[in-house]
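# Observations on the three-dimensional arrangement
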Amino acid sequence: MFKELKKLNNQIEFFHVSDKEFSSFGRVIENLDTAGIIEAAKKIPNPESGSLYQPSIENFETLKIASDIRNEFFGSLPTQIGYCFGHNNFLNGAEWHASSEINVAVTPLVLILGHIWDIENGIIDSSKFKAFYLPAGTVAEVYSTSLHFCPCEVSEAGFGCVVGLPAGTNTDLEIQCENKLLFRKNKWLIAHMDNKALINKGVVAGITGENFEIKY
């Protein structure tokens, strides 16, 4: 699948998550038993269109992998294990956190990633982003300095990605903040200039260039 996707998506630098190019964005985790959480995630049906994100899913958080993620990657801090799933093909925007994010690929998927240091005066060109293919079952730590957003599907069935983060991340802000990029708790966000839906929600337009579409 990777070789075919790479051929179809020569509009963007396209890599496998095991390639050395991923090393500045994150790392692949080998020692987590994902069977139980993948089985639980597959019971959640994808929407017919669009994508959904649930920051915290109780059934996920009672599994052993949840405590492993909490202790190994977040230093025993309170942690949420959620799910991003559905349908998406586009870059569309970029978010980042003041922490790493743990992703478990329930299905094969593609992450489009950039570096926070390439944002200048609130703007980054999409040419700075790279695409990475994750086979089903892959666990990846995405560093806090990595720009990321909704995963992209590689089949009509859609995508599913378990997401581990510090508790409260991506939930509604309870304060007024001068930093217009802070969109949710521990979530800074910019939209692609073409993504009117996000911009209309108050997200700052900060990505120029092509709004990359992952084809399959």
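No experiment lies behind these values; they were computed from the predicted model shown.

Reading the values: the criteria
- Residues numbered from 1 in each chain as written.
- Predicted model: local features only at pLDDT ≥ 70, side-chain atom pairs only at ≥ 80, totals over all residues.
- Heavy atoms only, no water.
- Phe/Tyr/Trp six-rings, centres within 6.5 Å; stacked < 30°, edge-to-face > 60°.
- Lys NZ or Arg CZ within 6 Å of the ring centre and 35° of its normal.
- Pairing = 2+ DSSP bridges.
- Helix = DSSP H or I, 4+ residues; strand = E, 2+ residues; numbered from the N terminus.
- Axes fitted to C-alpha atoms, helices over the stretch in contact; angles between N-to-C directions.
- Contact = heavy atoms within 4.5 Å.

### Some details on the packing of aromatic side chains
Inspection of every chain in the model, using the stated rule, returns seven aromatic pairs. Chaining the aromatic ring pairs together yields one cluster made of Phe-15, Phe-22, Phe-25 and Phe-132. Cation over ring: Lys-6 sits above Phe-15, and NZ or CZ is 5.5 Å from the ring centre.

### Looking at the sheet that holds strand S4 (residues 79-86)
Strand pairing within a sheet occurs via backbone hydrogen bonds; the two strands may be parallel or antiparallel. Strand order in this open sheet of six strands is S2-S10-S6-S12-S4-S3, and the pairing throughout is antiparallel. Two strands bound the open sheet, and with one partner strand each, they are strand S2 (26-29) and strand S3 (51-54). When the angles between neighbouring strand axes are averaged without regard to direction, this sheet yields 20 degrees. Pairing between strand S6 (residues 101-105) and strand S10 (residues 139-142): four bridges, direction antiparallel. Among the inter-strand pairings, Val-104 is bridged to a residue of S10, identified as Val-139. Contacts from helix H2 (residues 35-42) reach S4, S6 and strand S12 (159-166) within the one sheet, and its direction differs from that of S6 by about 70 degrees. Against the sheet, helix H4 (residues 64-73) touches S2, S4, S6 and S10, its axis set at about 115 degrees to S4.

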